[in-house]
Amino acid sequence: MGADVVVTGMGALSPLGEGVEALWQGLLAGRSGVRRIDDLLPPGVLDELPVRIGATMAVSPDTLLTRVQARRMDRCEQAALVAARQAWQDAGAPEVDTERLAVVIGTGIGGVSTLLGQDDVLEEKGPGKVSPLTVPMLMPNGPAAWVSIEFGAHAGVYTPVSACASGAEAIALGVRLIRSGEADIVIAGGSEAAITPLTLAGFAQARTLSKRNDEPLRASRPFDVDRDGFVMGEGAGIVILESASHAAARGARVHGRVAGVGVTSDAYHITGPDPSGAGQVRAIRRAVADAGLQPSDIAHVNCHATSTVVGDVGEAAAIQAALGDDVVLTAPKSALGHLVGAAGAVESIVTLLSVVQGVVPPTLNLDNKSPDIELDVVAGEPRTLPMTAAVCNSFGFGGLNVSLVFTA
C-alpha cells in the first residue's frame, strides 16, 4: 500500500468565509452561503434566466492578492493560490526538497469567466484588444501551475478535470504520488469559480438547478422530498499531504490521515449515474479496503448529495449497500451550494474535521426526508458522533466516482 499519508495543512475559501475555521464554524452554526446573484447577471439576461441564485465566495480572492497578481489570474486561479497559501502556513511552511514537492489541483470547468469575457472583447473591439494573458487565465491547469510557481514544486504539476469529482480525484492522486515514492509532500485540492450566465443557463436547461429564486437560503435541500436541483457555488479547498515519515522527521502537527482511496467509473451516461449504483458501491468499498478497514468501521459519510431528485436517492442506496444501515450521513452542499471542481476538496476538509472533533455538521433544509432514503441524516443541529473513520464521496459528470477514507 506504500507510505502512510497524513494531512498537515488545510486552507479554504468558501461561501461561508475566508479560511477553514470560517467554513467549519459556519457549517456547525447552520449558516447558508446561498444568495440572490442579480448583481452578477447582465440586465438582458436577468429577465430570461430561470435561475438567479448562487453561492459565491464570501470573500473575493482578488482582495487577498496584490493588484498585479489578481489581474494576471482568473478567479479560480486566485482562489486556489489563496487557499494554498493558507494550507502551506497551516503546515508550518515546511522545508522540503523541491524535487520532492508536487502539486495536484483539479477544476471542473476552469477559467470560464476569462474565456467568456475575452470573447466579448473580441466581438466588440476586435482581436487586437484581446488580452495576451487570455490562454494562461482560461486553461484548466492554471490554478495548479500558479501554485507550483509560488512554492517551487518540481516533482510534477497535475490537473484532474473530472467535473464534480475533480477536487477529490486530486487528493486521491496526491496520495498515490506519495505512496509511490514520487513525492514527500503534495499540495492537493480543487478550485472553481464558474458562476456565469452561460453556465447557469446550461445547467438550467439540463434541469439540474434549483429555481427557488425567492428562497435562496432554502434552495439547496439534499435528501428532502421537495428538492428540485442544486445551487451553483464557488470556492477552493487545499490540503497539504505528506508522508507520515517526512512529517514526523520535521515534527509537524498532523490533522489526520487519508487512509484509503477508491476511484471507479460507471461507463454508463455522460451526465447521469448508473441507476444500479454499482460504480459508487465499488468506489466506497475500494476506499474502505484500501484503508485496511471493514465497512462496520465507518461511522459517517460526507455525501456528494447535490439536491437532485435522482442523485440523492441513488447515493443513499449505494452507501447502504456498501456500508450497511448504521452509518450517519450529512450533506454540506445544503449550506455551500455545489462547488463543482472544488467540492470534493472542501468537503474532504469538512470530513476530516468531523473525524477529529467527533462532530457531524447538520444538513440544512431537511424538513421532510424522502421516503426512499432509509439512512440516518443529521439535520437541525450538529451531532456529536465519536468516530475513528469517515468516508467523503464525490461523483462527477462522465461517470467518475471517488471515495476517500479519513481517519484521525
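Please refer to the structure placed before this passage.
Residues numbered from 1 in each chain as written. Predicted model: local features only at pLDDT ≥ 70, side-chain atom pairs only at ≥ 80, totals over all residues. Heavy atoms only, no water.

1. Some remarks on the overall build of the protein chain
No. 1: When you go through the protein chain residue by residue, the secondary structure sums to 14 helices and 16 strands.
No. 2: Taking 22 Å as the expected radius of gyration for a compact globule of 408 residues, we find that the protein chain reaches 20 Å, a close match to that expectation.
No. 3: Based on the C-alpha atoms only, the size of the protein chain along its principal axes is roughly 60 × 55 × 40 Å.
No. 4: For the protein chain, the centre of its 29 positive side-chain charges and the centre of its 44 negative side-chain charges are spaced 2 Å apart. (Helix = DSSP H or I, 4+ residues; strand = E, 2+ residues; numbered from the N terminus. Rg over C-alpha atoms; globule rule 2.2 N^0.38 Å. Lys, Arg positive; Asp, Glu negative; His and termini not counted. Charge placed at Lys NZ, Arg CZ, Asp CG, Glu CD.)

2. Side note on the packing of helix 4 (residues 75-90) against helix 7 (residues 142-151)
No. 1: For the pair helix 4 and helix 7, interaxial distance at closest approach is 8 Å and the crossing angle is 40°. In terms of axis orientation, helix 4 runs oblique to helix 7. Here helix 4 runs over helix 7; the crossing is right-handed. Contacts from C76, E77, A80, L81, A84, R85 and W88 of helix 4 reach helix 7 at G142, P143, W146, V147, E150 and F151.
No. 2: Residues belonging to the contact of helix 4 with helix 7 are distributed by class as follows: nine nonpolar, one polar and three charged. (Axes fitted to C-alpha atoms, helices over the stretch in contact; angles between N-to-C directions. Parallel < 35°, antiparallel > 145°, perpendicular 65-115°, else oblique. Left-handed = near helix turned anticlockwise from the far one by under 90°. Contact = heavy atoms within 4.5 Å. Nonpolar A, V, L, I, M, F, W, Y, C, P; charged D, E, K, R; others polar.)

3. Considering the side chain of T199
No. 1: Structurally, the position occupied by T199 is in helix 9 (residues 197-205).
No. 2: Only 2.5 Å separates the side chain of T199 from the backbone oxygen of A194, close enough to count as a polar contact.
No. 3: T199 has contacts with I109, V112, A194 and M232, leaving out every residue within four places of it along the chain. (Polar contact = N/O pair within 3.5 Å; in protein donor to acceptor, adjacent residues only side chain to side chain.)

4. Remarks on a negative patch on the surface
No. 1: Judged by side-chain charge, D119, D120, E123 and E124 come together as a negatively charged surface patch.
No. 2: On the secondary structure map, E124 appears in helix 5 (residues 112-125).
No. 3: Relative accessible area serves as the criterion here: at 64%, E124 is assigned to the exposed category. (Patch = residues over 30% accessible without salt bridge, like charges linked within 9 Å, V, L, I, M, F, W, Y side chains within 5 Å. Areas by Shrake-Rupley, 256 points an atom, 1.4 Å probe, with all protein chains shown as cover. Salt bridge = Lys/Arg side-chain N within 4 Å of Asp/Glu carboxyl O. Buried < 20%, exposed > 50% of the residue type's maximum accessible area, 1.4 Å probe, protein only.)

5. Some points on the side chain of E315
No. 1: Note on placement: E315 falls in helix 12 (residues 309-323).
No. 2: In this structure the side chain of E315 is engaged in a polar contact, spanning 2.7 Å, whose partner is the backbone nitrogen of A305.
No. 3: Setting aside chain neighbours within four positions, we find E315 in contact with Q280, C303, H304, A305, N393 and F395.

6. Points about helix 9
No. 1: Residues T199, L200, F203 and A204 constitute the buried set of helix 9. Projected down its long axis, helix 9 carries its buried residues within an arc of 130°, all on one side. Turned more than 90 degrees away from the buried face of helix 9 sit L198 and Q205, all of them exposed.
No. 2: Residues of helix 9 that are buried sit in contact with strand 4 (53-54) and helix 5.
No. 3: Downstream of helix 9 by a residue or two, R207 has a phi angle that is positive, lying close to 60°. (Arc of directions from axis to C-beta.)

7. Topic: the state of the cysteines
No. 1: Overall, the coordinates contain zero disulfides when judged by the stated rule.
No. 2: The cysteine C164 is free of any disulfide, with C392 supplying the nearest cysteine sulfur at 13 Å.
No. 3: Not part of a disulfide, C392 finds its nearest cysteine sulfur in C303, a span of 9.1 Å.
No. 4: Residue C392 is classed as buried on the basis of its relative accessible area, which comes to 1%. (Disulfide = S-S within 2.5 Å.)

8. Overview of the pattern of salt bridges
No. 1: A full pass over the atoms with the stated rule returns 19 salt bridges.
No. 2: The partner of D39 in a salt bridge is R35, and the shortest N-O contact between them spans 3.0 Å.
No. 3: R221 is the partner of D224 in a salt bridge, and the nearest nitrogen-oxygen pair spans 3.2 Å.
No. 4: Shared partners join several salt bridges into a network, and the residues in it are R212, E215, R218, R221, D224, D228 and D367.

9. Thoughts on the pairing of strand 5 (residues 101-106)
No. 1: The element strand 5 is largely enclosed, with a buried count of six among its six residues.
No. 2: Neither face of strand 5 is open: one carries L101, V103 and I105, the other A102, V104 and G106, and all of them are buried.
No. 3: Sheet analysis places strand 5 next to strand 7 (residues 185-192), joined by six bridges and oriented parallel. Within strand 7, the residue paired with V104 across the bridge is A188.
No. 4: When strand 5 meets strand 6 (residues 157-158), the two strands line up parallel, connected through two bridges. (Pairing = 2+ DSSP bridges.)

10. A word on unusual backbone geometry
No. 1: You will see that F223, though not glycine, has its phi angle at about 70°, which is positive.
No. 2: Mapped onto the secondary structure, F223 falls in the loop between helix 9 and strand 8 (235-243).
No. 3: Given a relative accessible area of 0%, F223 falls into the buried group.
No. 4: With a phi close to 50°, V340 is a non-glycine residue in the positive phi region.
No. 5: Tracing the chain through its elements places V340 in the loop between helix 13 (333-336) and helix 14 (343-357).
No. 6: For V340, a relative accessible area of 5% gives the class buried.

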